[in-house]
Amino acid sequence: MPDSWEEYFEKNRAEQDVYEPDVQRMWQGIDKKLKQPSVRWKSLLTKAAIVASVIFSVSLFIRHEMMMQAQIDSLAAINDELARKESNYINQVNLKWDEFKSMPSTDMKFELMLLEELALLDTIYNKGLNDIKQHGYNERAVLIMLDTYEKRLRIIERLISEKRKKQRDENKSKHIRI
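Residues numbered from 1 in each chain as written. Predicted model: local features only at pLDDT ≥ 70, side-chain atom pairs only at ≥ 80, totals over all residues. Heavy atoms only, no water.

In terms of nonpolar packing, the biggest core is built from 22 residues, with Ile 155, Ile 156 and Leu 159 touching the most fellow members. Going through the elements one at a time, helix H4 (80-102), helix H5 (108-135) and helix H6 (139-177) are the ones with two or more residues in this core. Among the elements that take part in this core, H6 stands out by supplying 10 residues, more than any other. The contacts of Ile 155, once residues within four sequence positions are left out, are Leu 114, Glu 117, Leu 118 and Leu 121. (Core = buried A, V, L, I, M, F, W, Y, C linked by side-chain atoms within 4.5 Å. Buried < 20%, exposed > 50% of the residue type's maximum accessible area, 1.4 Å probe, protein only. Helix = DSSP H or I, 4+ residues; strand = E, 2+ residues; numbered from the N terminus. Contact = heavy atoms within 4.5 Å.)

Structural data, given as structure tokens:
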């Protein structure tokens, strides 16, 4: 190849100026292209089918999500891991609550205050659940809901501890009186 295009064109100008294209062959090619079936319709139909399938898939996904949100009544409805965690917490809370109920009641003021705290935790749990129902899965709401279980356990354990402490104090005072 020459060093520059200018050199090439200078050397080959004579060939290029004399060359005439084969007009008959060009028109035959154009005629052949015009007689071929149009690919535009196939392309257009293919694109329309793709768009329709995407719209159908997205609408199906949205419908599924909306139905799932309507059915959420606990963390267990979201996924298996949360179901396990919630089930574990519920079992622990129920065991501690049964233990608390089996103990004799002594100081109603303190118990009422902590029972109000438990009711407040129920309200927080329900708000988190409603948030998930309205806006979909929310990691923060899930963590808050799980945290309510942990706090319930601590409150019930505190109630049990206070009852035991009160019983020990009463037992000591009975021994001292005798």
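Scanning the entire structure with this criterion turns up 4 aromatic pairs. Centre to centre, the rings of Tyr 89 and Tyr 149 are 5.7 Å apart; their planes meet at 5°, and the pair counts as stacked. Highlighted residues: Tyr 89 in helix H4 and Tyr 149 in helix H6, separated in sequence by 60 residues. Members of the aromatic cluster, joined through ring pairs, are Tyr 89, Tyr 125 and Tyr 149. Directly above the aromatic system of Tyr 125 lies the positively charged group of Arg 152, at a separation of 5.7 Å from the ring centroid. Between Arg 152 and the ring centre of Tyr 149, over which it is positioned, the NZ or CZ distance is 5.1 Å. (Phe/Tyr/Trp six-rings, centres within 6.5 Å; stacked < 30°, edge-to-face > 60°. Lys NZ or Arg CZ within 6 Å of the ring centre and 35° of its normal.)

Our focus in this paragraph is H4. The terminal C-alpha atoms of H4 lie 33 Å apart, and with 23 residues this matches the ideal 33 Å at 1.5 Å per residue to within 8%. Among all positions in H4, only Leu 82, Ala 83, Glu 86, Tyr 89, Val 93 and Phe 100 are buried. (Expected span 1.5 Å × (residues − 1).)

Enumeration according to the criterion identifies 6 salt bridges in this entry. The salt bridge partner of Arg 164 is Glu 99, with a shortest N-O separation of 2.3 Å. Taken together, the residues span a long stretch of sequence, with Arg 164 in helix H6 and Glu 99 in helix H4 at a distance of 65 residues. In this structure, Lys 151 and Asp 147 form a salt bridge, with 3.1 Å as the shortest nitrogen-oxygen distance. Separated by 4 residues within a single helix, Lys 151 and Asp 147 lie in helix H6, roughly one turn from each other. Among the residues examined, Asp 147 registers a relative accessible area of 26% and is labelled partly exposed. (Salt bridge = Lys/Arg side-chain N within 4 Å of Asp/Glu carboxyl O.)

Interpretation in functional terms is not warranted from these geometric data alone.
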